[in-house]
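Coordinate analysis (summary)
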Amino acid sequence: MKNYTITLALAACLALSGCQTASMTGGRTGEFGCIAGTVGGAVVGGLAGATIGSGTGQLWAVGGGAVLGSAAGSALTCT
């Protein structure tokens, strides 16, 4: 079950990273840092959520942790 949860968290992070654009037009030089912060926050949040609860509650905690982590990472690294 734990491997399934970690795989699910990593898949969610990959799906969230697809929402970012990587175009370098317009003089935006910090785009990589923004993407890295968002994905890194999602990974850390998902792993933190994996340590909470068990069963279906744990899956909700992983999803919520990934969403909140990506929002925090985005807020910290994107301008």
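In short, a report on the structure. Predicted model, so just to flag it, every value in this text is computed and none were measured.

Looking now at the overall build of the chain. Helix and strand counts for the chain stand at 3 helices and 0 strands. Mapped from its N terminus to its C terminus, the chain presents α and β elements in the order α-α-α. Out of the 79 residues belonging to the chain, those deemed buried represent 28%. Contacts in the chain between residues far apart in sequence, at least 24 positions, make up 59% of those at least 6 positions apart.

Moving on to helix H3 (residues 56-77). The end-to-end C-alpha distance of H3, which contains 22 residues, comes to 32 Å, matching closely the 32 Å that a straight helix rising 1.5 Å per residue would cover. Considered for burial, the residues of H3 that qualify are Gln58, Ala61, Val62, Gly65, Ala66, Gly69, Ser70 and Gly73. Here the buried residues of H3 occupy an arc of 160° about the axis, which is enough to place them on one side. For H3, the exposed residues lying more than 90 degrees away from the buried face are Thr56, Trp60, Val67, Leu68 and Ala75.

Turning our eyes to something else, we now look at the state of the cysteines. The term disulfide refers to a covalent linkage connecting the sulfur atoms of a pair of cysteines. The tally for this structure, following the rule as stated, stands at 1 disulfide. The disulfide partner of Cys34 is Cys78, and the gap between their sulfur atoms is 1.6 Å. The sign of the S-S torsion, about 85°, decides the handedness of the disulfide formed by Cys34 and Cys78: right-handed. Highlighted residues: Cys34 in helix H2 (residues 31-50) and Cys78 in the segment after H3, separated in sequence by 44 residues. Cys34 gets classed as buried once you look at its relative accessible area, which sits at 10%.

Rules and cut-offs
Residues numbered from 1 in each chain as written. Predicted model: local features only at pLDDT ≥ 70, side-chain atom pairs only at ≥ 80, totals over all residues. Heavy atoms only, no water. Helix = DSSP H or I, 4+ residues; strand = E, 2+ residues; numbered from the N terminus. Buried < 20%, exposed > 50% of the residue type's maximum accessible area, 1.4 Å probe, protein only. Contact = heavy atoms within 4.5 Å. Expected span 1.5 Å × (residues − 1). Arc of directions from axis to C-beta. Disulfide = S-S within 2.5 Å.

That is the geometry; function is a separate question.
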